[in-house]
Amino acid sequence: MSKSLKRVRQALRDAGLPDTTFEAGEARTAEQAAHACGCDLDQIVKSIIFAGEESGAVRLFLTAGGNRVCAEKASRLAGEALVRADGQLVRATTGFAIGGVAPVGHLSPSPIWMDPRLTEFATVWAAAGTPRHVFSIDPQVLISLTTATVADFVE
């Protein structure tokens, strides 16, 4: 079992939550994950990492699978211009590779914002640390667990 998957499972256990992780097969994209989970595309939690253009500080945006982050809106929330983080920064900060970034179990915590669309469902699915593993969670529990701020940042 990968160290990344173990960290996600431990984060769920530490929060007193059941381990709902499972191997979904190829789930690098939201479309692949939705197909594997048998759910609506917007029930997939995409973890999009940006960095402050000047500060370099990492910010995480959790968005519904069918939505795209609006860089301008995200920058306003972060208080500075943002750029998409490269794979090296993503791995160094979160401990996960792009395509498997979980919303929990990060090596270094960062501010998190969540797309309100995700709150419209009873259950959402997120990457569990690898491009092949996902976990299910109530979006309200995800907000609490990640201390995410629900805000509009999508196109």
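Keep in mind it's a predicted model, so treat the numbers as computed, not measured.

What counts as what
Residues numbered from 1 in each chain as written. Predicted model: local features only at pLDDT ≥ 70, side-chain atom pairs only at ≥ 80, totals over all residues. Heavy atoms only, no water. Helix = DSSP H or I, 4+ residues; strand = E, 2+ residues; numbered from the N terminus. Buried < 20%, exposed > 50% of the residue type's maximum accessible area, 1.4 Å probe, protein only. Core = buried A, V, L, I, M, F, W, Y, C linked by side-chain atoms within 4.5 Å. Contact = heavy atoms within 4.5 Å. Salt bridge = Lys/Arg side-chain N within 4 Å of Asp/Glu carboxyl O.

Undergrad: Summarise unusual backbone geometry; cite the residues concerned and give the values.
TA: Positive phi outside glycine occurs at T147, with the angle close to 55°. By secondary structure assignment, the location of T147 is in the loop between α5 (139–146) and β8 (149–150). Using a relative accessible area of 64% as the deciding quantity, one classes T147 as exposed.

Undergrad: Which residues make up the nonpolar core, and what values do they have?
TA: Within the largest apolar cluster, 28 residues are counted, with the highest numbers of intra-cluster contacts made by V8, L62 and F135. Elements represented by at least two residues in this core include exactly α1 (3–14), β2 (44–52), β3 (58–64), β5 (112–114), β6 (124–127), β7 (133–137) and α5. Excluding residues within four positions of it along the chain, F135 makes contact with V8, L12, T20, T21, P103, V104, V124, W125, A126, A127 and A128. Membership of the second largest hydrophobic core comes to 11 residues, among which are I48, F50, V69 and W113.

Undergrad: Quick rundown of the pattern of salt bridges? Include the residues and the values.
TA: Evaluated as defined, the whole model comprises 10 salt bridges. Ionic pairing is found between E23 and R132, a salt bridge with its closest N-O pair at 3.0 Å. Pair noted here: E23 is in strand β1 (residues 22–23) and R132 is in the loop between β6 and β7, with a separation of 109 residues, a long-range link. With relative accessibility at 36%, the residue R132 sits in the partly exposed group. Across the pair D42 and R117 runs a salt bridge, and its minimum N-O distance is 2.8 Å. Remark: R117 occurs in the loop between β5 and β6 and D42 occurs in the loop between α2 (30–37) and β2; sequence separation between them is 75 residues. For D42, a relative accessible area of 13% corresponds to the buried category.

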